[in-house]
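Residue-level structural notes
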Amino acid sequence: MTQDEMKKKAAEAALEYVVTDSIVGVGTGSTVNFFIDLLAEIKHKIEGAVSSSEASTERMKQHGIRVYDLNAVNELPVYIDGADESDHYLNLIKGGGGALTREKIIAGASDKFVCIADESKLVDVLGTFPLPVEVIPMARSFIARELVKLGGRPVWRDNFITDNGNIILDVHDFEILQPMKTEAEINKLPGVVTVGIFANRPADVLILGAPDGAKTVYSK
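What comes next is a walk through the structure.

About the cut-offs
- Residues numbered from 1 in each chain as written.
- Predicted model: local features only at pLDDT ≥ 70, side-chain atom pairs only at ≥ 80, totals over all residues.
- Heavy atoms only, no water.
- Helix = DSSP H or I, 4+ residues; strand = E, 2+ residues; numbered from the N terminus.
- Buried < 20%, exposed > 50% of the residue type's maximum accessible area, 1.4 Å probe, protein only.
- Contact = heavy atoms within 4.5 Å.
- 1 Å grid on protein atoms, 1.4 Å probe; cavity = no way out; pocket = protein on both sides within 12 Å on 5 of 7 lines; lining within 4 Å.
- Points joined across faces, edges and corners; volume = space filled by probe spheres on them.
- Nonpolar A, V, L, I, M, F, W, Y, C, P; charged D, E, K, R; others polar.
- Patch = residues over 30% accessible without salt bridge, like charges linked within 9 Å, V, L, I, M, F, W, Y side chains within 5 Å.
- Areas by Shrake-Rupley, 256 points an atom, 1.4 Å probe, with all protein chains shown as cover.
- Salt bridge = Lys/Arg side-chain N within 4 Å of Asp/Glu carboxyl O.
- Phe/Tyr/Trp six-rings, centres within 6.5 Å; stacked < 30°, edge-to-face > 60°.

**Here we look at the environment of Val171**
Locating Val171 in the fold gives a position in strand β10 (residues 167-172). Overall, the relative accessible area of 1% leaves Val171 in the buried class. Each C-alpha atom of the pair Val171 and Ala109 lies 27 Å from the other, and the pair is 62 residues apart in sequence. When neighbours within four sequence positions are excluded, Val171 is seen to be in contact with Pro130, Leu131, Val133, Leu147, Gly152, Arg153 and Pro154.

Here's what the structure looks like:
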């Protein structure tokens, strides 16, 4: 089974968490694209969706799924999104696609956060995948120096601008042994919009696609 096939298996399993006649929170990325395509098949059963990126919004609109502004939504029963890494406590690294800030906002607004990924994304310690940090442009060099002090090697994601008009520093060689503490330390730096550690609001459910199908490996 290919990696894409495993991603699709995870996306299929996430459909059972979609609440009928509700608005669904939808994330960003290759695994989520499979979920959006599957969601289109049951779009008549939901009121619509809120989206974490312009790319996901466009894909859903092409499928005829109504997309709402989060400010117009009072209740969000579930948010479905992928991850670049997950540890065994459902702490995540997200932001490889650059949508980490909007993803974190929607995750915080949702009652349940369901993370979908292929089995390669499960790790013992976060940090093999470079940690994205969204930064106000004028703070780039300052924040890069601060990230070096924390033990990382920040690299400017060149020629990339987030949907919010900011830049991203990807922090390499950065073992994250205390995700909640590290998330708080980086978030408090002036000029940081948000960091791609999802530990203060981790996933509630992790669904991993594997060669023998999808597995809900951990569930809070």
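**With respect to the layout of surface pockets**
When its volume is computed, the largest pocket comes out at roughly 230 Å³. Lining of the largest pocket is provided by 18 residues; of these, Thr28, Gly29, Ser30, Ala83 and Asp84 occupy positions nearest its centre. Of all the secondary-structure elements, those providing two or more residues to the lining of the largest pocket are α2 (30-39) and β7 (112-118). Taken together, the residues that form the lining of the largest pocket break down as four nonpolar, eight polar and six charged. Here the second largest pocket defines a volume of roughly 180 Å³. Together, Val50, Ser51, Val67, Tyr68, Asp69, Leu70, Arg102, Ile105 and Ile106 line the second largest pocket. For the lining of the second largest pocket, the secondary structure elements donating two or more residues are β2 (48-51), β3 (67-68) and α4 (100-109).

**Observations concerning a nonpolar patch on the surface**
Where nonpolar side chains cluster on the molecular surface, the patch consists of Ile136, Met138 and Val193 and spans about 300 Å² of accessible area. Examined against the element boundaries, Ile136 turns out to sit in the loop between β8 (131-135) and α5 (140-149).

**Thoughts on the packing of aromatic side chains**
The final tally for this structure, using the stated rule, is two aromatic pairs. Centre to centre, the rings of Tyr79 and Phe113 are 5.2 Å apart; their planes meet at 35 degrees, and the pair counts as tilted. Here the residue Tyr79 occupies a position in strand β4 (residues 78-81), and Phe113 occupies one in strand β7, the gap between them amounting to 34 residues. Overall, Phe113 belongs to the buried group, its relative accessible area being 0%. Ring pairs connect the aromatic residues Tyr79, Phe113 and Phe198, which therefore count as one cluster.

**Here's the deal with unusual backbone geometry**
Positioned with a positive phi, Asp21 is a non-glycine residue whose angle comes to about 65 degrees. Looking at where Asp21 falls in the secondary structure, it is placed in the loop between α1 (3-14) and β1 (23-26). The exposure class assigned to Asp21 is exposed, which follows from its relative accessible area of 58%. One non-glycine residue, Leu90, lies in positive phi territory at about 70 degrees. Inspection of the secondary structure puts Leu90 in the loop between β5 (85-86) and β6 (92-93). Judged by relative accessible area, which is 2%, Leu90 ranks as buried.

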